[in-house]
Amino acid sequence: MTLQGKQILLGISGGIAAYKAAELTRLLTKAGASVRVCMTAGACEFITPLTLQALSGHPVHTTLLDPAAEAGMGHIELARWAEHILIAPATADLIARLVAGMADDLLSTLCLASAAPVSIAPAMNQQMWKHPATQQNIQTLQQRGVQILGPDQGAQACGDIGPGRMLEPAALLQAMLDFYQPKDLPLAGCKVLVTAGPTREPIDPVRFITNRSSGKMGYAVAEAARDLGAEVTLVSGPVHLAVPKNIYCVSVETAQQMLEACQVAVQDADIFIATAAVADYTPAAVASQKIKKSANDLSLALTKTTDILATLSLANPKLFSVGFAAETNDVLTYARSKLERKGLQMVAANLVGEGKAFDQATNALEVVWQGGSTSLPEMDKKQLAHELMQLISARYHIWKLQDGTH
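Residues numbered from 1 in each chain as written. Predicted model: local features only at pLDDT ≥ 70, side-chain atom pairs only at ≥ 80, totals over all residues. Heavy atoms only, no water.

1. Topic: the nonpolar core
Within soluble globular proteins, side chains that are nonpolar tend to cluster in buried spots.
Step number 1: With 54 residues, the main nonpolar core has Ile87 and Ile120 as its most contacted residues.
Step number 2: Filtering out sequence-adjacent residues up to four positions away, Ile87 remains in contact with Gly11, Leu94, Leu98, Leu107, Cys111, Ser119, Ile120 and Ala121. (Core = buried A, V, L, I, M, F, W, Y, C linked by side-chain atoms within 4.5 Å. Buried < 20%, exposed > 50% of the residue type's maximum accessible area, 1.4 Å probe, protein only. Contact = heavy atoms within 4.5 Å.)

2. Some thoughts on the sheet that holds strand β18 (residues 362–369)
Strand pairing in a sheet relies on backbone hydrogen bonds, with the paired strands running either antiparallel or parallel.
Step number 1: With respect to topology, eight strands assemble into an open sheet ordered β12-β11-β8-β13-β16-β17-β18-β19, the strand pairing being mixed. Taken across any chain shown, the strands that pair with only one partner, and hence form the sheet edges, are β12 (248–251) and β19 (372–380). The average undirected angle you get between the axes of adjacent strands in this sheet is 15°.
Step number 2: Here strand β8 (residues 191–196) runs beside strand β13 (residues 271–274); their pairing, made up of four bridges, is parallel. (Pairing = 2+ DSSP bridges. Helix = DSSP H or I, 4+ residues; strand = E, 2+ residues; numbered from the N terminus. Axes fitted to C-alpha atoms, helices over the stretch in contact; angles between N-to-C directions.)

3. What to know about the side chain of Ser214
Step number 1: Along the chain, the position of Ser214 falls in the loop between β10 (208–209) and α11 (216–227).
Step number 2: Polar contacts involving the side chain of Ser214 include one to the main-chain amide nitrogen of Lys216, which spans 3.3 Å. (Polar contact = N/O pair within 3.5 Å; in protein donor to acceptor, adjacent residues only side chain to side chain.)

4. Description of helix α13 (residues 308–315)
Step number 1: Within the sequence span of α13, burial applies to Ile308, Leu309, Ala310, Leu312 and Ser313.
Step number 2: Lining the buried residues of α13 we find α12 (255–265), β13, β16 (320–327) and α14 (331–341).
Step number 3: Where α13 begins, the capping side chain belongs to Asp307, and its oxygen is found 3.2 Å from the backbone nitrogen of Leu309.

5. Side note on the packing of helix α6 (residues 92–100) against helix α9 (residues 132–143)
Step number 1: Contact geometry of α6 with α9 gives a least axis separation of 9 Å together with a crossing angle of 50°. Taken as axis vectors, α6 and α9 run oblique relative to one another. Between α6 and α9 the crossing geometry is left-handed. Residues Ala92, Ile95, Ala96, Leu98 and Val99 of α6 form the contact with α9, whose own contacting residues are Thr134, Asn137, Ile138, Thr140 and Leu141.
Step number 2: Here the residues of the contact of α6 with α9 sort into seven nonpolar, three polar and no charged. (Parallel < 35°, antiparallel > 145°, perpendicular 65-115°, else oblique. Left-handed = near helix turned anticlockwise from the far one by under 90°. Nonpolar A, V, L, I, M, F, W, Y, C, P; charged D, E, K, R; others polar.)

6. Observations concerning the sheet that holds strand β4 (residues 118–122)
Step number 1: Spatial ordering of the open sheet is given by β2-β1-β3-β4-β5, a layout of five strands whose pairing is parallel. For this open sheet the edge positions go to β2 (34–39) and β5 (147–148), each flanked by a neighbour on one side alone.
Step number 2: Relative to strand β3 (residues 84–90), helix α7 (residues 106–113) is tilted by about 145°, and along the sheet it contacts β1 (7–12), β2 and β3.

7. Details of the packing of helix α1 (residues 21–30) against helix α10 (residues 169–179)
Step number 1: The contact between α1 and α10 brings their axes to 9 Å, and the two run at 40°. Judged by the angle between their axes, α1 and α10 are oblique. As for how α1 packs across α10, the hand of that crossing is right-handed. Note on element contacts: α10 touches α1 through Pro169, Ala170, Leu172, Leu173 and Met176, opposite Glu23, Leu24, Leu27 and Leu28.
Step number 2: Of the residues belonging to the contact of α1 with α10, the class tally is eight nonpolar, no polar and one charged.

8. A closer look at the pattern of salt bridges
Step number 1: All chains considered together, the criterion is met by 14 salt bridges.
Step number 2: Its salt-bridge partner being Arg97, residue Asp93 comes within 3.1 Å of it at the nearest N-O pair. In this pair, Asp93 and Arg97 both sit in helix α6, four residues apart, roughly one turn of the helix.
Step number 3: Take Asp93: its relative accessible area is 46%, and that puts it in the partly exposed class.
Step number 4: A salt bridge links Asp104 to Arg97, with the nearest nitrogen and oxygen atoms 2.7 Å apart. (Salt bridge = Lys/Arg side-chain N within 4 Å of Asp/Glu carboxyl O.)

9. Focus on the side chain of Thr282
Step number 1: By the secondary structure assignment, Thr282 is in strand β14 (residues 281–283).
Step number 2: Residue class for Thr282 comes out buried when judged on its relative accessible area of 17%.
Step number 3: A distance of 2.9 Å separates polar atoms of two side chains, one belonging to Thr282 and the other to Glu201.
Step number 4: Ignoring sequence-local partners within four residues, the contact set of Thr282 consists of Glu201, Ala301, Leu302, Thr303 and Thr305.

10. Here's the deal with the state of the cysteines
Step number 1: For the structure shown, the criterion picks out zero disulfides.
Step number 2: Residue Cys38 stays outside any disulfide, its sulfur separated by 8.3 Å from that of Cys111, the closest cysteine.
Step number 3: The exposure class assigned to Cys38 is buried, which follows from its relative accessible area of 0%.
Step number 4: Free cysteine: Cys44, not disulfide-bonded; nearest cysteine sulfur from Cys38 at 9.0 Å.
Step number 5: Classification of Cys44 as partly exposed rests on a relative accessible area of 25%. (Disulfide = S-S within 2.5 Å.)

11. A short note on α9
Step number 1: For α9, spanning 12 residues, the distance from its first C-alpha to its last is 16 Å, which sits close to the expected 16 Å at 1.5 Å a residue.
Step number 2: Along α9, the residues that are buried comprise Thr134, Gln135, Asn137, Ile138, Gln139, Thr140, Leu141 and Gln142.
Step number 3: Looking at the buried residues of α9, the elements they touch are α6, β4, α8 (126–130), β5, β12 and α12.
Step number 4: Remark: Gly145 follows α9 within two positions and exhibits a positive phi of approximately 95°. (Expected span 1.5 Å × (residues − 1).)

12. Brief notes about the packing of aromatic side chains
Step number 1: Under the defined criterion, the tally for this structure stands at four aromatic pairs.
Step number 2: Pairing Phe320 with Trp399 gives two aromatic rings, centres 5.2 Å apart and planes at 65°, and the pair type is edge-to-face. With Phe320 in strand β16 and Trp399 in helix α15 (residues 381–402), the pair connects residues that are 79 residues apart, well separated along the chain. In this structure, Phe320 and Trp399 share a single accessibility class: buried.
Step number 3: Judged by centre distance (6.3 Å) and plane angle (35°), the ring pair of Tyr396 and Trp399 falls under tilted. Here the residue Tyr396 and the residue Trp399 both occupy positions in helix α15, the gap between them amounting to three residues, near one helical turn. Here Tyr396 and Trp399 have matching classes, each one buried.
Step number 4: Through a chain of ring-to-ring contacts, three or more aromatic side chains come together here, namely Phe320, Tyr396 and Trp399. (Phe/Tyr/Trp six-rings, centres within 6.5 Å; stacked < 30°, edge-to-face > 60°.)

Spelled out as structure tokens, the structure:
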């Protein structure tokens, strides 16, 4: 697969990751793309336009009001030329300006003036990435159809460790290749919401209630949905897993936070797959200071958490909802009951207990739906996830055909 003949406008904003744009330009052109580069003033402080000109083979655009170019409305011509706009790195500032629809420099103007699809690779300090303003801006851009690539996590130039690193050029090239792959995949055009991992319900500042879920199955399901062509949003509890490439991940801790994140993400979802092991109960009151050990027993008052799966499936009848059931006995009986009670289209149930499912490399599933069921034998979780997603995809398309309202 190549990008032969694709006209890609590479936008570079002012972050330290701008130096990676040189390798990205080389890889895009090697893949056959025709690349034009637009740099903000900040980007020019990190890497020179001459470098990008040499690698792309074309003059680099840096100024909105360039008298030579503007004689022929150069910025409009460049916007019309672009078949795809890729911004890497995309700083927090640039992201905010795109959300606001500003056109105060050439790059932001091109994004407004072009009908081409836009992909951005965020790159910033981990705290800036986690800030609610940035997260809201990212969600807004996604709702407008902008593809978010990354970010990655790890050591940052500022010395911090966490999410915010720009994806490596090779990963961005792969994202472009994936974007232009044939759209005959069974879930192409579908938006899939997946929950994964455990939740943590705080008792005091240092203690919490949780469970043994590792998130491995949920992450594997998210990857399998992506591989079938879906656009995937992953809402994840605390896990020790890397976010899969080309998947937008929202990290949460508590059941309430997972509910709120899902209520936002489900608004334009076609399929909802709830693999997360959400706490059924949460402490009625959270101590503001660490509870000291004493000679007396400790009693906790617990209240029920909101059932995320039932709440979202019943409130969204056009949503194809798939539940997971982790049981220690009578797996099929409980799976059928969950299917009916929560208004679901499918339930994937597995036996848990000693050496089963939780934090293991393998799993097995009993999958039920109205009028049918099948067994998926024990296998590697990634392979099992692909088998399950093939089944979900098939049932989803049958479900749509059976009811013309979907």
